[in-house]
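# Notes for the structure review
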Amino acid sequence: MIAPRPGLIGWGAAIVLPLTILATLLPGWRTLTLPAIALFIVIALLDLLWNWRKHRNLEFVVPDTVRTIAGRSFQLPLRFFAPPSQSGIIRVALALPSSFSMVTVDTLLTLKSGEPPLPILLELCGESRGIFLISQLFFDWISPIGWWIYRERQPIHCEVRVYPNLTTEGRQLARFLKRNEVGIHHYRHLGRGREFEKLREYEPGDGFDTIHWKATAKRRHPITKVYQTEKAQEVYVAIDSSRLSGRLVANEYTEAAGEQIPTLERAIASSLLLCAAAQSQGDLFGLLTFSDKIDHLVTARSGPAHFNRCRDVLAGLQTRLVSPDFGEIASTLMARIKRRALIVFLTSLDDPVLSETFLSSMDFVARRHLVLAVMLLAPSVRPLFSPPGVENIDDIYQSIAGHLHWTRLIELRRQLQQRGIQLCLVSNKSVSLEVVSQYIALKRRQAL
């Protein structure tokens, strides 16, 4: 695209317009004014055509994938290729998604004849989690006199994966990510464990159930089996991305007052911290996302590469306007996960129909696996006479409604507990802390 610059418009208004008026009012001056106007037009056309195709053969290259953290600026390396004889100044811009911004507004490239072009770094910032595609790059340059600007568009492909910012929550939960610690206090494991470690000679006080009779008969003196706390157990986090995950809650980890985020964002942050905690405890962690069906199922493993895979799956997770089918989810879990595992559901069970379906479907899953359901409570759902108090009649009715809602959830928790399923009702601010704390408590009790 070619567009005139303000200089052309200004000179045209200063030269062409007065000469045209003069030629109209004084016909005798036309022999001077018309050639002057024609000369101005010729100069403008020469300026237009001189550098018209000068930089159209530039090629720009960007990385295929870039990873960053929400709310942090990052640098996108941009390489370009130009013939050695080209020189000039070029301005570059990207077609960014709505949640992105360029920290540096104008990015200028300087081409010098005979020198190889150097790559540049574009500083960008992504505000929200997700997987975004940058598909277009725009660049322009100016004509020699400066009266015209030439603009070109080039298709590119760069996938930007924006992960949630866990800095604040990670600091709060750092004490849970150390093996055999809760806070800064060491604790000892209860029981003796069920995983075989080694054989040793019998010592006074060893129980008869720990004697290895075959080894005793072979060595002709008592040999005892030594057990250790189970390691490499499987922990799965099941994240609900159905319609109820789109509810808005206050963002407790931002300086902006009144900012709200979907409950899905809190679930994703909690699941990543739980995966990190499971890895620090020596367990295998897996991931499960579901809406009306199971969307992703990442088998439990460990290691940084596996954590990055889980993080990539969660980066593109979005809310869907469907209801979860817990019956199909339970069937898939029973078919795909054979070994006993801890399955943590991050979902909402305040819908009576969904809670009844979850209750009946997870009854079979709880016979093989240890099921823990974590639900984020709304601020209005609390027992009657809980702080803060009421100020008007409307607050009284809202408190009664919140109390009735709370009563139904307590009854649901009792019914789930009878089937061996734990329901944890947490507030918005402490959801990540509660999820990891429940996991640590189950490890201490050796419930798996």
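Up top is the structure these notes are about.
Residues numbered from 1 in each chain as written. Predicted model: local features only at pLDDT ≥ 70, side-chain atom pairs only at ≥ 80, totals over all residues. Heavy atoms only, no water.

The next thing to look at is helix α7 (residues 326-336). Turning to α7, its buried residues are F326, I329, A330 and L333. Buried residues in α7, looked at end-on, bunch into an arc of 100 degrees, giving them a common side. (Buried < 20%, exposed > 50% of the residue type's maximum accessible area, 1.4 Å probe, protein only. Helix = DSSP H or I, 4+ residues; strand = E, 2+ residues; numbered from the N terminus. Arc of directions from axis to C-beta.)

What follows deals with the packing of helix α1 (residues 6-25) against helix α2 (residues 30-50). In contact at an axis separation of 9 Å, α1 and α2 are set at 160 degrees when each is read in the N-to-C sense. By the angle between their directions, the pair α1 and α2 is classed as roughly antiparallel. Considering the relative orientation of α1 and α2, their crossing is left-handed. For the pair α1 and α2, contact is made by L8, W11, G12, I15, V16, L19, T20, L22 and A23 and by R30, T33, A36, I37, F40 and A44, respectively. Taken together, the residues that form the contact of α1 with α2 break down as 11 nonpolar, three polar and one charged. (Axes fitted to C-alpha atoms, helices over the stretch in contact; angles between N-to-C directions. Parallel < 35°, antiparallel > 145°, perpendicular 65-115°, else oblique. Left-handed = near helix turned anticlockwise from the far one by under 90°. Contact = heavy atoms within 4.5 Å. Nonpolar A, V, L, I, M, F, W, Y, C, P; charged D, E, K, R; others polar.)

Ranked by size, the top nonpolar core spans 41 residues in total, and within it I239, L287, L342, L346, V374 and Y439 carry the most contacts. Those elements giving two or more residues to this core turn out to be β15 (234-240), α5 (263-280), β18 (284-290), α6 (304-315), β20 (341-346), β21 (370-376), β22 (421-426) and α10 (431-445). When residues in this core are grouped by element, the largest group, 10 residues, is from α5. Filtering out sequence-adjacent residues up to four positions away, V374 remains in contact with V344, F345, L346, T347, C424, V426 and V435. (Core = buried A, V, L, I, M, F, W, Y, C linked by side-chain atoms within 4.5 Å.)

Time to look at the sheet that holds β18. The strands that make up a sheet are held in pairs by hydrogen bonds between backbone atoms, and each pair lies either parallel or antiparallel. The six strands lie next to each other as β19-β18-β15-β20-β21-β22, forming an open sheet whose pairing is mixed. Each having just a single partner strand, β19 (294-301) and β22 make up the two edges of the open sheet. Here the average twist between neighbouring strands, direction ignored, is 15 degrees. Bridge analysis of β15 against β20 gives six bridges, and the strand direction is parallel. Each residue of the ladder has a partner; that of Y236, found in β20, is I343. Against the sheet, α6 touches β15, β18 and β19, its axis set at about 170 degrees to β19. (Pairing = 2+ DSSP bridges.)

Let us look at a nonpolar patch on the surface. Together, L17, I21, L25, L26, W29 and L32 make up an exposed nonpolar region whose accessible area comes to about 640 Å². Residue contributions to the nonpolar patch peak at three residues, all from α1. Structurally, the position occupied by L17 is in helix α1. Residue class for L17 comes out exposed when judged on its relative accessible area of 52%. (Patch = residues over 30% accessible without salt bridge, like charges linked within 9 Å, V, L, I, M, F, W, Y side chains within 5 Å. Areas by Shrake-Rupley, 256 points an atom, 1.4 Å probe, with all protein chains shown as cover. Salt bridge = Lys/Arg side-chain N within 4 Å of Asp/Glu carboxyl O.)

Turning next to the pattern of salt bridges. What the rule picks out here adds up to 15 salt bridges. Here the residues in one salt-bridge network are R67, E159, R161 and D312, joined through shared partners.

The next thing to look at is the pairing of β21. Among the seven residues that make up β21, seven are buried, leaving the element largely enclosed by the rest of the structure. Sheet topology note: the β20/β21 ladder contains five bridges and is parallel. Among the inter-strand pairings, I343 is bridged to a residue of β21, identified as V371. Read as a crossover between parallel neighbours, the route from β20 over helix α8 (residues 352-365) to β21 is right-handed. (Right-handed = clockwise from strand over helix to strand, strands pointing away.)

The tally for this structure, following the rule as stated, stands at 12 aromatic pairs. With centroids separated by 5.1 Å and ring planes inclined at 45 degrees, the aromatic side chains of F60 and F139 adopt a geometry described as tilted. Here F60, found in strand β2 (residues 59-61), pairs with F139, found in strand β9 (residues 130-142); they are 79 residues apart in sequence, far enough to count as distant. F60 sits in the buried class, given a relative accessible area of 6%. Among the residues examined, F139 registers a relative accessible area of 3% and is labelled buried. A connected cluster of aromatic rings, assembled from ring pairs, spans F60, F80, F139, W141 and Y150. One Lys or Arg, R311, reaches over the ring of Y163 and ends 4.0 Å from the middle of that ring. (Phe/Tyr/Trp six-rings, centres within 6.5 Å; stacked < 30°, edge-to-face > 60°. Lys NZ or Arg CZ within 6 Å of the ring centre and 35° of its normal.)

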